Amino acid sequence: MDSEDELAGRWRDGDEKALRAAYERHGGAVLYLAQRMLGNRTDAEDVTQLTFVAAWTGRDTFDPERGTMLGWLLGIARRKAVDRLRSAARDVRVTETVRSQAAPPPDARETPDRVVDRLVVADELGRLPREQRRTLELAFFEDLTHPQIAEVTGLPLGTVKSHIRRGMANLRRRWEVDGAASGSRSAGPSGAL
């Protein structure tokens, strides 16, 4: 069995036997991490495979002076697992959005003013920077809490809160300008968004 340094050298040189040796030595740890993060053995096996494929194709980025091969592989596995979680969350959001828009329930309170208000809000949301718009959509349309938004987007919690606060301020300023131009338009009983 090669030492860690010998394995690292063979790995960086592109020796395919080093790939097998690395998998035999570290595959269990990578699978364990992936399964702990994903909670699903099938997805964990996929992430393990993706990890070793990514590591092999990017083997020239491995620097044994900066850390161990195991640490490097676990870092790749963590990123792949997070990508898988984000993809799954995105799939759920898309499915829920499609379901919610498939057959909207009839609403007796649906007045022309409410339709216009929704269109104005949608237009104004479209003018916001992408991350501000996304955090507001997650907060108000998907009813996620700030920590949930941070988890879904991968943004720090403070950044999520700042995006929501600035996005609301931008919408409020635009709403007041539009409201002043088009008459008395309010977002609800209190007149605030």
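What counts and how
Residues numbered from 1 in each chain as written. Predicted model: local features only at pLDDT ≥ 70, side-chain atom pairs only at ≥ 80, totals over all residues. Heavy atoms only, no water. Helix = DSSP H or I, 4+ residues; strand = E, 2+ residues; numbered from the N terminus. Buried < 20%, exposed > 50% of the residue type's maximum accessible area, 1.4 Å probe, protein only. Contact = heavy atoms within 4.5 Å. Areas by Shrake-Rupley, 256 points an atom, 1.4 Å probe, with all protein chains shown as cover. Core = buried A, V, L, I, M, F, W, Y, C linked by side-chain atoms within 4.5 Å. Phe/Tyr/Trp six-rings, centres within 6.5 Å; stacked < 30°, edge-to-face > 60°. Axes fitted to C-alpha atoms, helices over the stretch in contact; angles between N-to-C directions. Parallel < 35°, antiparallel > 145°, perpendicular 65-115°, else oblique. Left-handed = near helix turned anticlockwise from the far one by under 90°. Nonpolar A, V, L, I, M, F, W, Y, C, P; charged D, E, K, R; others polar.

(A) Looking closely at the overall build of the chain. A count of helical and extended segments in the chain gives eight helices and zero strands. Helices (α) and strands (β) of the chain occur, in sequence order from the N terminus, as α-α-α-α-α-α-α-α. Taken over 193 residues, the chain has a buried fraction of 26%. Residue pairs at least 24 apart in sequence account for 57% of intrachain contacts in the chain once pairs closer than 6 positions are excluded. Of the roughly 12700 Å² that the chain leaves accessible, carbon and sulfur atoms contribute 52%.

(B) The nonpolar core, seen in detail. Among the nonpolar cores identified, the biggest contains 15 residues, and Trp 11, Ala 22, Ala 55, Phe 62, Met 69, Trp 72 and Leu 73 are the most heavily contacted of them. Those elements giving two or more residues to this core turn out to be α1 (4-13), α2 (16-38), α3 (41-57) and α4 (69-102). Per element, the largest residue contribution to this core is five residues, and it comes from α4. Excluding anything up to four places from it in sequence, Ala 22 contacts Leu 7, Trp 11, Gly 27, Phe 52 and Met 69. Counting 12 residues, the second largest nonpolar core, distinct from the first, contains Leu 125, Leu 128, Leu 136 and Ala 139.

(C) Spotlight on the side chain of Gln 132. Summarising the element assignment, Gln 132 is placed in helix α6 (residues 130-141). Beyond its immediate sequence surroundings of up to four residues, Gln 132 is in contact with His 163, Arg 166, Gly 167 and Asn 170.

(D) Geometry of the packing of aromatic side chains. All told, the structure shown has four aromatic pairs when counted by the stated rule. Taking 6.2 Å as the distance between ring centres and 85° as the angle between the ring planes, the aromatic pair formed by Trp 11 and Trp 72 counts as edge-to-face. Highlighted residues: Trp 11 in helix α1 and Trp 72 in helix α4, separated in sequence by 61 residues. In this pair, the class of Trp 11 matches that of Trp 72, namely buried. With 5.1 Å between their ring centres and 75° between their planes, Tyr 23 and Phe 52 make a pair best called edge-to-face. Of this pair, Tyr 23 sits in helix α2 while Phe 52 sits in helix α3; the two residues are 29 residues apart in sequence, bridging distant segments of the chain. The exposure class assigned to Phe 52 is buried, which follows from its relative accessible area of 6%.

(E) Layout of the packing of α2 against α3. It is at 8 Å that the axes of α2 and α3 come closest, and there the two elements cross at 140°. The orientation of α2 with respect to α3, classified from their angle, is oblique. The hand of the α2/α3 crossing is right-handed. Residue-level contacts link Glu 16, Leu 19, Ala 22, Tyr 23, His 26, Gly 27, Val 30, Leu 31, Ala 34, Gln 35 and Leu 38 of α2 to Arg 41, Asp 43, Ala 44, Glu 45, Val 47, Thr 48, Thr 51, Phe 52 and Trp 56 of α3. For the contact of α2 with α3, the class distribution of residues is 11 nonpolar, five polar and four charged.

Geometric values such as these leave the question of function open.
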